[in-house]
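A structural walkthrough
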Amino acid sequence: MSAAPQLDLDYDAIVIGAGLSGMYQLYRLRELDLSVRVFEAGTNVGGTWYWNRYPGARFDSESYSYGYSFSKELLEEWEWSEHFAGQPETLRYCNYVADKFDLRRDIRFRSRVTAAIYQEDTRSWRITLEDGSHHTCRFLITAIGPLSTPTLPRIEGRDSFQGKSFHTARWPHDPVDFTGKRVAVIGTGATGVQTIQTIASEVGHLTVFQRTPNWCAPLHNGKIDAETQRKIKAGYPEMFRRCQETFACFIHTPDPRGAFEVSDEEREAFYEKLYGERGFGIWQGNFRDILIDRKANATISDFVARKIRQRVKDPKVAEKLIPRNHGFGTRRLPLETFYYEVYNRDNVELVDITETPIERITPAGIKTSEREFEFDIIIYATGFDAITGSFDKIDFRGAGGALLKDKWKSGPSTYLGLMIDEFPNMMMLMGPHTALGNIPRSIEYSVDWVTGLIRFARDNGLTRLEATREGVDDWTDHVKSLGVGLLSNEVDSWMTGINRNVEGKQTRIIARYSGSAPAYRARCDEVAAKGYDELRLA
Ligand code: NAP
């Protein structure tokens, strides 16, 4: 082991991003008595919940299963008002956490990181911010989120529009008045669905431009009464234990039966029950084979298609809302609250842009191949350059000047989704190849793992930690092999790295770890237990 170089660094660790990952990472690193600086582009904490202020933004995991679990006091103090809290409440929660643990004193806001360059002579990272300032540290931790780089459609004339236009993830802090306005929404993913169902009754007229319909299921939100609140709090230890055991850390567990191991009547009754229940149960708690077996999947797709036909009065509109190119749950399932009923309103129109494509945005609105629409407001619910997009925005250069962009040109390669060869002392939270699922549960695990590694380095006088090429190849192959046979990997979506609005993101990749969260944790625990001997340590 070589001796630590003498050097004068600004910080022991820099964390990029003050969302749920960055906040918790700061909290943990402080416990090690390290000097830490978090750089955050926004003006306050919250990450996803800071940026996504669009109307109707809310959880679709149960609030109580989504909050941090690391502090008993916090769990005791905080009360969620609804089973699926809205964005304002969640952002209040993030601020409450920041206040409670006095996090802001180590966070610098309005500080977008543009470059991160590893310096071998000092075994350190040099970070550059948008304002041109530089900051150095031993350890660099990215907490930049898998869905945080919004993308706008590449439609001619977009900048010529004279009305107001917003991307949902860059929503203004002041409320937008929709009264009497002619509004367009482009995009019908989880965000579009929440926006559309929320503003339909407020706007003068709403036109939804849909390219691909998504399968949606009812959220069944509700207020949490005092008795339920008491039960939730008393049940926290058991609920978090359960989240640790389930496949994707949700409170829902797949049914052990296959879809054809029951009679037609039983299957129908089971689907009916799931459709009537809260949250992701119909996705995460369904028959074990619906996401791997086409025929099994067809049974639930057929069930939900019938629900859409029942709920939407105009049969032509209903048919447009039923997905044809992918099965139920093979893209991230949007959860809805009377979304389909929106299309029964007189002031709402659905435009299928596969039939009548958008030709251009005009100063007055949107021109399709069929006609020109006039709008006061255009809302882009067009999603994100997901998973690797936020990495692409920062000029990451590792040992010997290795460019991350080049390294990941044909898809990410990682060690446990946490580290990359040639990028020593850099750790990623919720980057590619980690178990995502119910994200705060995964965040807490990853942060604790990274903290354990840094503690190990500190205790052993290590100044250089690097994943090996072999380790990266093995993990990347493992992640790819786990994706084989999953119907979701045969479908275009952000989950398979497709974004038609971004150059070079037209080919499907395996960017997500699709094994179980318990298996993921077991593998990472094993590495830690063996003294991180799979890493190159110096
Ligand atoms: P998304 O799922 O990627 O949906 C983007 C939508 O925009 C799609 O309908 C897409 O159509 C459409 N679109 C993109 N470019 C277009 C273009 N040029 N012309 C026409 N349509 C275009 O993005 P999202 O809805 O923002 O959701 C992303 C993820 O964020 C979700 O899957 C979820 O994981 C997360 N999210 C979570 C919550 C929550 O927890 N409460 C809420 C919202 C979002 P195509 O499908 O044809 O590409």
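Throughout what follows, the structure given in this document is the object of discussion. (Residues numbered from 1 in each chain as written. Predicted model: local features only at pLDDT ≥ 70, side-chain atom pairs only at ≥ 80, totals over all residues. Heavy atoms only, no water.)

**Points about the overall build of the protein chain**
Secondary structure assignment for the protein chain yields 18 helices and 20 strands. Its C-alpha radius of gyration of 24 Å places the protein chain within 12% of the 24 Å reference for a compact globule of 538 residues. A principal-axis box enclosing the C-alpha atoms of the protein chain has dimensions of 75 × 55 × 45 Å. Counting only residues that meet the buried cut, the protein chain has 59% of its 538 residues in that class. Nonlocal contacts in the protein chain, meaning residues at least 24 apart in sequence, comprise 72% of its contacts between residues at least 6 apart. On the protein chain, roughly 22,100 Å² of surface is accessible, and the fraction owed to carbon and sulfur atoms is 49%. (Helix = DSSP H or I, 4+ residues; strand = E, 2+ residues; numbered from the N terminus. Rg over C-alpha atoms; globule rule 2.2 N^0.38 Å. Buried < 20%, exposed > 50% of the residue type's maximum accessible area, 1.4 Å probe, protein only. Contact = heavy atoms within 4.5 Å. Areas by Shrake-Rupley, 256 points an atom, 1.4 Å probe, with all protein chains shown as cover.)

**Side note on the sheet that holds strand E12 (residues 348-352)**
Taken in spatial order, the five strands of this open sheet run E7-E16-E8-E9-E12, and their pairing is parallel. Edge strands, defined here as strands with exactly one partner in the open sheet, are strand E7 (164-167) and E12. This sheet shows a mean twist of 15 degrees between the axes of neighbouring strands, independent of strand direction. In terms of strand pairing, E7 meets strand E16 (residues 377-380) through four bridges, oriented parallel. Residue Phe-166 lies in a different strand from E16, and its bridge partner there is Ile-379. (Pairing = 2+ DSSP bridges. Axes fitted to C-alpha atoms, helices over the stretch in contact; angles between N-to-C directions.)

**Some remarks on the packing of helix H9 (residues 264-275) against helix H11 (residues 294-311)**
Remark: H9 packs on H11, axes separated minimally by 11 Å, with the N-to-C direction vectors making an angle of 60 degrees. Taken together, the axes of H9 and H11 lie oblique to each other. Between H9 and H11 lies a crossing of right-handed hand. Here H9 contributes Arg-267, Glu-268, Tyr-271, Glu-272 and Tyr-275 to the contact with H11, which in turn contributes Ala-296, Thr-299, Ile-300, Phe-303, Val-304, Arg-306, Lys-307 and Arg-311. Classifying every residue of the contact of H9 with H11 by side-chain character gives six nonpolar, one polar and six charged. (Parallel < 35°, antiparallel > 145°, perpendicular 65-115°, else oblique. Left-handed = near helix turned anticlockwise from the far one by under 90°. Nonpolar A, V, L, I, M, F, W, Y, C, P; charged D, E, K, R; others polar.)

**Some points on the environment of Arg-360**
Structurally, Arg-360 is set in strand E13 (residues 358-361). Between the C-alpha atom of Arg-360 and that of Thr-149, which follows or precedes it by 211 residues, the distance is 24 Å. Contact partners of Arg-360, with chain neighbours within four places excluded, come to Ile-155, Glu-156, Gly-157, Gly-365, Ile-366 and Lys-367. Polar side-chain contacts of Arg-360 include one of 2.9 Å to the side chain of Glu-156. (Polar contact = N/O pair within 3.5 Å; in protein donor to acceptor, adjacent residues only side chain to side chain.)

**What about the environment of Leu-140?**
Looking at the secondary structure, you find Leu-140 in strand E6 (residues 134-142). Here the alpha-carbon distance between Leu-140 and Ser-124, two residues 16 residues apart in the chain, equals 8.5 Å. Residues in contact with Leu-140, not counting those within four places in the same chain, are Ile-14, Ile-16, Ala-116, Trp-125, Ile-127, Phe-396, Asn-425, Met-426 and Met-427.

**A look at the layout of surface pockets**
Each pocket or cavity is described by its volume, and for the second largest pocket that value is around 450 Å³. Forming the boundary of the second largest pocket are 23 residues, of which Asp-385, Asp-392, Val-502, Glu-503 and Lys-505 lie nearest the centre. Class assignment for the residues of the lining of the second largest pocket results in six nonpolar, ten polar and seven charged. (1 Å grid on protein atoms, 1.4 Å probe; cavity = no way out; pocket = protein on both sides within 12 Å on 5 of 7 lines; lining within 4 Å. Points joined across faces, edges and corners; volume = space filled by probe spheres on them.)

**A short note on the sheet that holds strand E15 (residues 372-374)**
Pairing in this open sheet of three strands is antiparallel, and the strands run E13-E14-E15 from one edge to the other. The sheet terminates laterally at E13 and E15, the two strands that pair on one side only. Mean inter-strand twist for the sheet, computed between neighbouring axes without regard to direction, equals 20 degrees. Taken together, the three bridges between strand E14 (residues 365-368) and E15 define a ladder with antiparallel strand orientation. In the strand pairing of E15, Gly-365 is matched with Glu-374.

**Describing the packing of aromatic side chains**
The tally for this structure, following the rule as stated, stands at 43 aromatic pairs. Measuring from centroid to centroid gives 5.1 Å for Trp-49 and Phe-59, while their planes differ by 85 degrees, and the two rings are edge-to-face. Linking Trp-49 in helix H2 (residues 48-51) with Phe-59 in the loop between H2 and helix H3 (63-66), this pair joins segments that are ten residues apart in sequence. Classification of Phe-59 as buried rests on a relative accessible area of 2%. Ring centres of Tyr-339 and Tyr-343 lie 5.3 Å apart, and the angle between their planes is 90 degrees; on these two criteria the pair is classed as edge-to-face. The same class applies to Tyr-339 as to Tyr-343, namely buried. Across the ring face of Tyr-50, the terminal group of Arg-53 is positioned such that the distance to the ring centre comes to 4.8 Å. Residue placement shows Arg-257 over the ring face of Phe-270; its charged tip is 5.2 Å from the ring centre. (Phe/Tyr/Trp six-rings, centres within 6.5 Å; stacked < 30°, edge-to-face > 60°. Lys NZ or Arg CZ within 6 Å of the ring centre and 35° of its normal.)

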